[in-house]
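Take a look at the letters that make up each chain.
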Amino acid sequence: MPTLNIPEIFLSPAVSANALLIYDFRMTSDVVKSKVKLHMHMLSFLQTGKKQVHFSDAVVGVNDQQSLLTKSGNCLWTELLDNDEIYFCKLFFFSDAHIAALIHKHPLHFPTSRPSTEETAPYFIIENDEFIRSFVQSLTAMLATKSALIQTLAAVKFEEIMLYLVSKYGTSFADYAQSLIANDHQTSFQKIVHANAYSNLSLEEIAFLCNMSLSTFKRHFLQEFKETPGKWLQHKRLSRAYELLKEGSKTPTEIYLDFGYNNLSNFSAAFKHKFNATPKEVAHA
């Protein structure tokens, strides 16, 4: 699956790459784990369907009762239709410069926060309410005008929603907004690997989240862990599967997909090779 450069794929030649961009995004079929290079921060107002975003060291899912602010960077998008409806969300893209200008304009609402020793999450979940639903409708009306002042209007709408969110969530949102333009160090390679050790992501997908080619990822992994990534991940995932089955909290059919196996037969074969017992035998022991 090709990597999607967003929002560039939505831009017309007449739109500046640094402009505020509002885009109506629709789909008629499910898409699972699209590779996305998000070059701007994004507000995603989901109107129908469900969305999951897998970041380098975190994963988040939202439905049409929520919206999501996503920090720029590499991620995997899964977008699912709900009851065969059209998947529909309104995307609002903005840059570091836009958020910096907003903070400079409204210092009382975005006071300088103390540096945190913890890395900021790459997302902020927003619970939809009547104001936000009305705001999304106003974006639809604004886009329909085809006004020559669309960027001026978009700037007003951006300021409106950001100020509303800081009034709704207080310092937690103000601190998050400031973290978008902070020069945080990148998440460490080992942290990304450990965060996805028990996921169902492939090596290629984990490499993408590390912003590396698969060959570079494998080479770097061997240097860091003194073992091939395939062997290391298989050990971690099968060991965790063994624990779950031994506890009796899960059945083999419930977990094989979660640990990256396409079918129960392959999972059972790998499991038996490692533990000299089938998943079913361990579960019923």
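Please read these numbers as outputs of a predicted model, since none were measured by experiment. (Residues numbered from 1 in each chain as written. Predicted model: local features only at pLDDT ≥ 70, side-chain atom pairs only at ≥ 80, totals over all residues. Heavy atoms only, no water.)

This part takes up the pairing of strand β8 (residues 73-80). Across the 8 residues that make up β8, a large majority, 6, are buried. Note that strand β3 (residues 31-38) and β8 share 6 bridges and pair antiparallel. Bridging from a neighbouring strand, Lys35 pairs with Leu76 of β8. (Buried < 20%, exposed > 50% of the residue type's maximum accessible area, 1.4 Å probe, protein only. Helix = DSSP H or I, 4+ residues; strand = E, 2+ residues; numbered from the N terminus. Pairing = 2+ DSSP bridges.)

To continue, consider the sheet that holds strand β5 (residues 50-54). Sheet strands line up and pair through hydrogen bonds in the backbone, either parallel or antiparallel. Read from one edge of the open sheet, 5 strands run β1-β3-β8-β5-β6, paired in mixed fashion. The sheet is open, and its two borders are formed by β1 (4-6) and β6 (59-62), each paired with just one other strand. Put simply, the sheet's adjacent strands are angled 30° from each other on average, direction ignored. Sheet analysis places β1 next to β3, joined by 3 bridges and oriented parallel. Bridge pairing links Leu4 to Val36 in β3. (Axes fitted to C-alpha atoms, helices over the stretch in contact; angles between N-to-C directions.)

Turning next to the environment of Val282. As for its position among the elements, Val282 is in helix α11 (residues 279-283). Val282 gets classed as buried once you look at its relative accessible area, which sits at 6%. Taking the C-alpha atoms as reference, Val282 lies 9.3 Å from Glu243; in sequence the two are 39 residues apart.

On to the packing of aromatic side chains, then. Enumeration over the complete set of coordinates arrives at 24 aromatic pairs. Centre to centre, the rings of Phe10 and Phe93 are 6.1 Å apart; their planes meet at 40°, and the pair counts as tilted. Pair noted here: Phe10 is in the loop between β1 and β2 (21-27) and Phe93 is in strand β9 (residues 87-94), with a separation of 83 residues, a long-range link. Taking relative accessible area as the criterion, Phe10 reaches 13% and is therefore assigned buried. Here the basic side chain of Lys51 rests over the ring of Trp77, its NZ or CZ set 3.9 Å away from the ring centre. (Phe/Tyr/Trp six-rings, centres within 6.5 Å; stacked < 30°, edge-to-face > 60°. Lys NZ or Arg CZ within 6 Å of the ring centre and 35° of its normal.)

Another point: the nonpolar core. Membership of the largest hydrophobic core comes to 30 residues, with the highest contact counts inside it found for Leu43, Phe45, Leu69, Phe92 and Met162. Those elements giving two or more residues to this core turn out to be β4 (41-48), β9, α1 (96-105), β10 (123-127), α2 (130-144), α3 (150-169) and α4 (171-179). Element by element, the count of residues in this core is highest for α3, at 7 residues. Residues in contact with Phe45, not counting those within four places in the same chain, are Ser67, Cys89, Lys90, Phe92, Ile132, Phe135, Val136, Leu139 and Ile161. Phe10, Met27, Val36 and Met40 belong to the second largest nonpolar core, which has 23 residues in total. (Core = buried A, V, L, I, M, F, W, Y, C linked by side-chain atoms within 4.5 Å. Contact = heavy atoms within 4.5 Å.)

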